[in-house]
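Given next are the chains, with one letter for each unit.
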Amino acid sequence: MVRAMKIFKVLTPLRAASIVLAVVALVIVLDQLVVKRDYAPPPSHDVTEAIVAVERDVIPTPDFAPSLPLSTEPLQTVDPAVVVDEDIIPHEPETVDDVVDELLSAPVHHAATNPRVVIIIDDMGVDVKRSAAVVDLPAGLTLAYLPYASNIKAQTAKAKEAGHELMVHVPMEPMSQTKDPGPEVLRVGQDEAAFAQILQDGLNAFDGYVGINNHMGSKLTQDKTAMARVMTELKSRNLYFIDSRTIQNSVAGDMAREAGVPHASRDVFLDHENTAEFVSKSLAQVERKALKDGLAIAIGHPKDVTIEGLRAWLPTLKDKGIELVPASQAVK
């Protein structure tokens, strides 16, 4: 008995030490598990650069600088809650995830066997000097002339002779009452006879065009009755319609489809901001969409930065496997 008690006294501290050691070991194991759970390996060099490029909004774009003097007019600011017309519509942003995915997928593999782009230049004819500079760009553009431009028949004849496709840029009622679409404007609620006369006057302004698109029109293109009238006239003349998409809720495409009028919609505005950098990024966006989806439709205006940007960019398309086509080859 005495011997047993002595053994117990010796083992008791040893047992306590073993328990302490076991607890310490358990703490160490749990700590390692937590560290492993929270640890993520650093991104690769390529991924890091892609993320940094997106955060800085640095997207590879063609290098060019305008050689003609830039407009000194101040840019207009836009209240995001207000729907506005084409000259001040905000540039359509991409999400960070979209851009990262595209950057990480480089080199680009064509999703389409024949990627195509349509470049439409609106507001042609009013600024005669810059409109002539647009006509001098490589053939294959689609030029939308305002029907009230001066000497319109001579201007459009020269543009067609240069190898460009022609459209009528039909003035339509905007949401903003401070915007002036021109002297003869299609408006919501207009008498049917007056509406038809204004449309016919616009369509009779010059010859050689094969379609139309809307000048402004953020209000009119939401109105089914008005757009049905437009499409009935286009159907009778075998013309197509390009929706400039000056408002998200446009019904133009739906009404064109119901009337059997070939149609398409704008994807990118090139020059919402009057800077070479903005035009360059917009053209890069056009390229990405064409390579991904097979077709991209862009709309620009006769501005110095747009003219210089296109002059540098258009000759690069062939080597990129992208074809410039007129709008008539994009409608369906």
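Residues numbered from 1 in each chain as written. Predicted model: local features only at pLDDT ≥ 70, side-chain atom pairs only at ≥ 80, totals over all residues. Heavy atoms only, no water.

Looking at an unreviewed UniProt entry, one finds the chain named Putative periplasmic protein and attributed to Micavibrio aeruginosavorus EPB.

*Asks:* Even after reading the chapter, I still don't get the packing of helix α7 (residues 224-237) against helix α8 (residues 252-259), so can you show me in this structure?
*Replies:* The geometry of α7 relative to α8 is characterised by a closest axis approach of 9 Å and an angle of 45° between their N-to-C directions. Classified by the interaxial angle, the pair formed by α7 and α8 is oblique. Helix-helix and strand crossings are classified by hand; for α7 and α8 the assignment is right-handed. Of the residues in α8, those touching α7 at Lys224, Met227, Ala228, Met231 and Lys235 are Ala252, Met255, Ala256 and Ala259. Residues of the contact of α7 with α8, tallied by class, amount to 7 nonpolar, no polar and 2 charged. (Axes fitted to C-alpha atoms, helices over the stretch in contact; angles between N-to-C directions. Helix = DSSP H or I, 4+ residues; strand = E, 2+ residues; numbered from the N terminus. Parallel < 35°, antiparallel > 145°, perpendicular 65-115°, else oblique. Left-handed = near helix turned anticlockwise from the far one by under 90°. Contact = heavy atoms within 4.5 Å. Nonpolar A, V, L, I, M, F, W, Y, C, P; charged D, E, K, R; others polar.)

*Asks:* What is the right way to read the pattern of salt bridges from this model?
*Replies:* Side chains carrying opposite charge are able to pair once their charged atoms draw close together. The final tally for this structure, using the stated rule, is 9 salt bridges. For the salt bridge of Lys281 with Glu277, the shortest nitrogen-to-oxygen distance reads 3.6 Å. Here Glu277 and Lys281 lie together in helix α9 (residues 276-293), a separation of 4 residues that amounts to about one turn. According to the relative accessible area criterion, Lys281 is partly exposed, its value standing at 22%. Classification of Glu277 as exposed rests on a relative accessible area of 55%. Linking Glu287 and Lys320 is a salt bridge whose minimum nitrogen-to-oxygen distance equals 2.5 Å. Here the residue Glu287 occupies a position in helix α9, and Lys320 occupies one in the loop between α10 (304-313) and β9 (323-324), the gap between them amounting to 33 residues. Note on Glu287: relative accessible area 13%, which makes it buried. Each of Asp127, Arg130 and Asp304 takes part in salt bridges that share partners, so that together they form one network. (Salt bridge = Lys/Arg side-chain N within 4 Å of Asp/Glu carboxyl O. Buried < 20%, exposed > 50% of the residue type's maximum accessible area, 1.4 Å probe, protein only.)

*Asks:* What is the right way to read the packing of aromatic side chains from this model?
*Replies:* Given two aromatic rings, their pairing is described by the distance between the two centres and the angle made by the two planes. All chains considered together, the criterion is met by 2 aromatic pairs. On the numbers, 6.2 Å between centres and 70° between planes, the contact of Tyr145 with Phe206 is edge-to-face. Taken together, the positions of Tyr145 in strand β2 (residues 142-145) and Phe206 in the loop between α6 (192-203) and β4 (211-216) put the pair 61 residues apart, joining distant regions of the chain. Note on accessibility: Tyr145 and Phe206 belong to one class, buried. Between Phe206 and Tyr209, the ring centres sit 5.4 Å apart and the planes meet at 70°, which makes this aromatic pair edge-to-face. Of the two residues, Phe206 and Tyr209, both sit in the buried class. By way of ring pairs, the aromatic residues Tyr145, Phe206 and Tyr209 are connected into one cluster. Taking NZ or CZ as reference, Arg229 lies 5.3 Å from the ring centre of Phe195, over its face. Taking NZ or CZ as reference, Arg266 lies 4.1 Å from the ring centre of Phe269, over its face. (Phe/Tyr/Trp six-rings, centres within 6.5 Å; stacked < 30°, edge-to-face > 60°. Lys NZ or Arg CZ within 6 Å of the ring centre and 35° of its normal.)

*Asks:* Explanation requested: the pairing of strand β1 (residues 116-124) in the structure shown.
*Replies:* The two faces of the sheet receive side chains in turn, since in a regular strand these alternate between them. Across the 9 residues of β1, 7 count as buried, placing the element largely inside the fold. Both β1 and strand β8 (residues 295-300) contribute to a ladder of 6 bridges, which runs parallel. Along β8, the bridge assignment pairs Arg116 with Leu295. Sheet analysis places β1 next to β9, joined by 2 bridges and oriented parallel. By the bridge assignment for β9, Val117 is matched with Leu324. (Pairing = 2+ DSSP bridges.)

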